[in-house]
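Report on the structure
This is what each chain is made of:
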Amino acid sequence: AVWHFMPESIIYYTAMGLAFAGLYVRRGLACSMAAHAAFNGVLTVAAILVVLSPAHPVSLGSLSMTAPTGWSTVPTESSGIAMVLRGPSDSGLDVIQIATSGTPSADELADRLSSIGQELPPDVRMTSQVDTVQVAGTEAVEVNLLSQGHSGTLVLLPEPGVSFELVFASGGSAKAAQDFQHMLGSVHVVGGT
């Protein structure tokens, strides 16, 4: 169990080690090794299936996007967050719906981002100026973040009646950062472009 160098999984590895040790005592080394190989084989096949599985659509109200392979929707733990996606290396994308009257301008969104910056937890900080970007054919605003030592991005996408706040945290994964750019490129808003 210790040999795997994963302190957060020590209980799991200890339990598996005890199971394999029990097989060794009752049936011998060959049985224990075969069980270990079979178990690792099942995990390998599961990992390959996840990697090779196709991207899948996710949606929230009028917003839809394509989540790349390895990303899944998980139940939200916060009442303010409408949708949570988790990806590689504990990366994540939280989507928050914000009720608006009309379609906010880029300047109004930039002001909102500035006020959000003052509300961020102590381990999260903005690392860039607010920039205007195109998302789903709409002028949105974004700012780069640093969260627990890893990069992230916050994007505000305005739509009539509701705006979407997309909060991405890379978890230190370069693949997750690429995936987020693909997700932004796949955003579609019903009634939008």
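Structural data are supplied above this passage.
Because the structure is a prediction, the values reported are computed rather than measured.

A positive phi angle is found at Ser89, which is not glycine, with a value near 55 degrees. Mapped onto the fold, Ser89 is located in the loop between strand 4 (83–86) and strand 5 (92–99). Positive phi, close to 50 degrees, is recorded for Gln148, a residue that is not glycine. Of note, Gln148 is situated in the loop between strand 8 (138–147) and strand 9 (150–157).

All right, on to the nonpolar core then. Judged by nonpolar contacts, the single largest core of 26 residues is most densely connected at Met65, Leu93, Val95, Val135, Leu157 and Leu166. Mapped by element, the contributors of at least two residues to this core are strand 1 (56–60), strand 2 (63–67), strand 4, strand 5, strand 7 (131–135), strand 9, strand 10 (162–169) and helix 4 (174–186). Those residues in contact with Met65 that sit more than four places away from it in its chain are His56, Pro57, Val58, Leu93, Val95, Leu166, Met183, Ser186 and Val187.

A separate point is the pattern of salt bridges. Summed over the entire model, instances satisfying the criterion amount to two salt bridges. Arg86 is the partner of Asp94 in a salt bridge, and the nearest nitrogen-oxygen pair spans 3.7 Å. The class of Arg86 is partly exposed, set by a relative accessible area of 31%. Residue Lys175 pairs with Asp179 through a salt bridge whose shortest N-O separation is 2.8 Å.

Quick look at the sheet that holds strand 1 now. The three strands are arranged 1-2-11 in an open sheet whose pairing can be described as antiparallel. A single partner strand is all that each edge strand has here, and the edge strands are strand 1 and strand 11 (188–189). In terms of strand pairing, strand 2 meets strand 11 through two bridges, oriented antiparallel. Considered in strand 11, the bridge of Leu63 is made with Val189. Seen against the sheet, helix 4 touches strand 2 and strand 11 and runs at an angle of roughly 140 degrees to strand 2.

Attention now moves to the pairing of strand 10. Across the eight residues of strand 10, six count as buried, placing the element largely inside the fold. Relative to strand 10, strand 5 runs antiparallel, the two sharing eight bridges. In the strand pairing of strand 10, Ile96 is matched with Glu165. Sheet analysis places strand 9 next to strand 10, joined by six bridges and oriented antiparallel. Of the residues in strand 10, the one forming a bridge with Leu156 is Glu165. From the end of strand 9 to the start of strand 10, which pair antiparallel, there are four residues, and Gly161 there has a positive phi angle of about 85 degrees.

Here the focus is the layout of surface pockets. Roughly 600 Å³ of internal volume is contained in the largest pocket. Forming the boundary of the largest pocket are 27 residues, of which Asp94, Val124, Ser147, Val167 and Ala169 lie nearest the centre. By residue class, the composition of the lining of the largest pocket is 12 nonpolar, eight polar and seven charged. Computed from the structure, the second largest pocket encloses a volume of approximately 190 Å³. Lining the second largest pocket are Ala1, His4, Tyr12, Tyr13, Met16, Gly17, Phe20, His36, Phe39, Asn40 and Leu43. Take the lining of the second largest pocket: its biggest share by element is five residues, from helix 1 (residues 10–27). A breakdown of the residues in the lining of the second largest pocket according to their chemical character gives seven nonpolar, four polar and no charged.

The subject of this paragraph is the packing of aromatic side chains. A full pass over the atoms with the stated rule returns four aromatic pairs. Judged by centre distance (6.5 Å) and plane angle (40 degrees), the ring pair of Tyr12 and Phe39 falls under tilted. Of the two residues, Tyr12 sits in helix 1 while Phe39 sits in helix 2 (residues 29–52), which places them 27 residues apart along the sequence. Its relative accessible area of 36% is what places Tyr12 among the partly exposed residues. For Phe39, a relative accessible area of 27% gives the class partly exposed. Their ring planes at 70 degrees and their centres at 6.5 Å tell us that Phe20 and Phe39 sit as a pair that is edge-to-face. Of the two residues, Phe20 is situated in helix 1 and Phe39 in helix 2; the sequence distance between them amounts to 19 residues. Its relative accessible area of 14% is what places Phe20 among the buried residues.

Reading guide: rules and limits
- Residues numbered from 1 in each chain as written.
- Predicted model: local features only at pLDDT ≥ 70, side-chain atom pairs only at ≥ 80, totals over all residues.
- Heavy atoms only, no water.
- Helix = DSSP H or I, 4+ residues; strand = E, 2+ residues; numbered from the N terminus.
- Core = buried A, V, L, I, M, F, W, Y, C linked by side-chain atoms within 4.5 Å.
- Buried < 20%, exposed > 50% of the residue type's maximum accessible area, 1.4 Å probe, protein only.
- Contact = heavy atoms within 4.5 Å.
- Salt bridge = Lys/Arg side-chain N within 4 Å of Asp/Glu carboxyl O.
- Pairing = 2+ DSSP bridges.
- Axes fitted to C-alpha atoms, helices over the stretch in contact; angles between N-to-C directions.
- 1 Å grid on protein atoms, 1.4 Å probe; cavity = no way out; pocket = protein on both sides within 12 Å on 5 of 7 lines; lining within 4 Å.
- Points joined across faces, edges and corners; volume = space filled by probe spheres on them.
- Nonpolar A, V, L, I, M, F, W, Y, C, P; charged D, E, K, R; others polar.
- Phe/Tyr/Trp six-rings, centres within 6.5 Å; stacked < 30°, edge-to-face > 60°.

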